[in-house]
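Here are the chains, one letter per residue:
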Amino acid sequence: MRKTKNLKMKLIKTDIKNNVLQSMINILDEKRAQIIEANKQDLEAFGENEGAMYDRLIVNDKKVDDMIQSVKEVMQQEDPVGQTISHRVLDSGLDITNKTAPFGTIMIIYESRPDVTIEAAVLAFKANNKILLKGGKEAFNSNKILEACWHEALKDNGLETDWIRLMNMNRADTREFLKNPPEKLDLIVPRGGEKLIGFVKENATCAVLISGRGNNFLYVSKDADFDTAKKVILNAKTDKISGCNALDKVLIDTQLPDYENKLKELQEMLKKHKVDILVNDEAQKVLKEETLIPNEDTWYEEFLAMKIVLGTTSGLEKAIDKINKYSGGHSAVIITKDKEEAAEFMQQVDSAAVYHNASTRFTDGGQMGVGAELAISTDKLHHRGPLGLKQLVTNKYYVLGDGHIRE
């Protein structure tokens, strides 16, 4: 096996990092028209002008504004490196401090979204990590000009451009890179579906942090306020179908008062907004014209489309069991007026974010007050939920002695 290069990674002073980010803000604004033009080339080459992948690919004035805002927010955040986690002096006099430290080199593999080229890089860099960006071929031109912007900002502040690098590799090259990396990799984050995640886990030789898959559930309790349920379902499903925080499955409790008419109300609302509906056996008894779920695999599926499952359940426990069996572990909602029932649901459902009477669309770094995010982690190590600036560090123990030896 080829040996990887273990390159030293110097710590950069906070003011220099922030100077790079201020330069990047200026460059993104100055090159706005060129960035949008490069993106148009990608959109034309992509061909299809609808669907989740196309939606994620688009860069317009608003997207450039969002990129600038992401950089600005990270620049204004406290440097996460060198923060004291704990400090103690032992009876022996040994002085031990645990501090935050950079991961080293992070690789992110993602599709379609050029804004990830900004958000992932700004977070990794502010946390003093090098980042390798493996974007999809569909965003080649967009990513290339954004990488050039980063390199200009780095060079303007006297830094090497290898802090932020775009990796243009096909599947075979990526497999070889993961199996035998020519440099030390400390963390890989695949943002995408099951196939991408499986590919990375199978081939990577370093830590892999899973992110990106949704398949989010919402449970309408027998004690739900139905107007709240309708409002939340509509927002979670239709606000942005390409988001991993979009809603895919609704479980309606058959003990909900006037259950059949309320199920029809949901059907009417969703149809009005052009959402395709799949139903389970019980729901089809009421919604006879809707298509039956083809097989069990549908319960595991993340749609990323104007499609939803309206299913039924009976009681809180069965709802929790179903969600824990089939969901992607991303986000789950209960609609209920019973606070004790909500607390039980939120404790027992095994997801990165659990909600009471609120839309899954809030599972987002900016919406949760974290700021820009590298990804939404559905892993439990080392962090679950939005991976913001504070989550892109590891730790290191500083042990001060005076000739101490272990007896």
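Above this note sits the structure.
Residues numbered from 1 in each chain as written. Predicted model: local features only at pLDDT ≥ 70, side-chain atom pairs only at ≥ 80, totals over all residues. Heavy atoms only, no water.

**Q** It is not clear to me how the side chain of Asp-253 should be interpreted in this structure. Could you clarify?
**A** Here Asp-253 shows up in strand β8 (residues 247-253). One buried charged residue, Asp-253, remains without a salt bridge, the closest side chain of opposite sign being Lys-222 at 7.1 Å. A distance of 2.9 Å separates the side chain of Asp-253 from the backbone nitrogen of Gln-255, its partner in a polar contact. With residues up to four places along the chain from it excluded, the contact list for Asp-253 reads Tyr-219, Val-220, Ser-221, Lys-222, Tyr-259, Thr-313, Ser-314, Gly-315 and Leu-316. (Helix = DSSP H or I, 4+ residues; strand = E, 2+ residues; numbered from the N terminus. Buried < 20%, exposed > 50% of the residue type's maximum accessible area, 1.4 Å probe, protein only. Lys, Arg positive; Asp, Glu negative; His and termini not counted. Salt bridge = Lys/Arg side-chain N within 4 Å of Asp/Glu carboxyl O. Polar contact = N/O pair within 3.5 Å; in protein donor to acceptor, adjacent residues only side chain to side chain. Contact = heavy atoms within 4.5 Å.)

**Q** Sorry, what's going on with the sheet that holds strand β13 (residues 353-356) here?
**A** Sheet strands pair by backbone hydrogen bonding; their relative direction is either parallel or antiparallel. Read from one edge to the other, the open sheet built from 7 strands follows the order β10-β9-β11-β8-β7-β12-β13, with strand pairing classed as parallel. Both outer strands of the open sheet, β10 (291-292) and β13, are each paired with one neighbouring strand and no more. Bridge analysis of strand β9 (residues 276-279) against β10 gives 2 bridges, and the strand direction is parallel. Residue pairing in the sheet places Leu-278 in a bridge with Thr-291 of β10. (Pairing = 2+ DSSP bridges.)

**Q** Please explain helix α5 (residues 115-126) as it appears in this structure.
**A** Note: α-helices contain 3.6 residues per turn, so residues at a spacing of three or four share the same orientation. For α5, built from 12 residues, the straight-helix expectation of 16 Å at 1.5 Å per residue is met to within 8% by its first-to-last C-alpha distance of 17 Å. With 12 of 12 residues buried, α5 is to be regarded as a mostly interior element. Buried within α5 are the following residues: Asp-115, Val-116, Thr-117, Ile-118, Glu-119, Ala-120, Ala-121, Val-122, Leu-123, Ala-124, Phe-125 and Lys-126. Following α5 by one or two positions, Asn-128 has its phi on the positive side, about 65 degrees. (Expected span 1.5 Å × (residues − 1).)

**Q** Please explain the sheet that holds strand β16 (residues 393-400) as it appears in this structure.
**A** Strand order in the open sheet formed by 3 strands is β1-β2-β16, with antiparallel pairing between adjacent strands. Whereas interior strands pair on both sides, the edge strands pair on one side only; in this sheet they are β1 (84-89) and β16. Taken over all neighbouring pairs, the strand axes of this sheet differ in orientation by 20 degrees on average, direction set aside. (Axes fitted to C-alpha atoms, helices over the stretch in contact; angles between N-to-C directions.)

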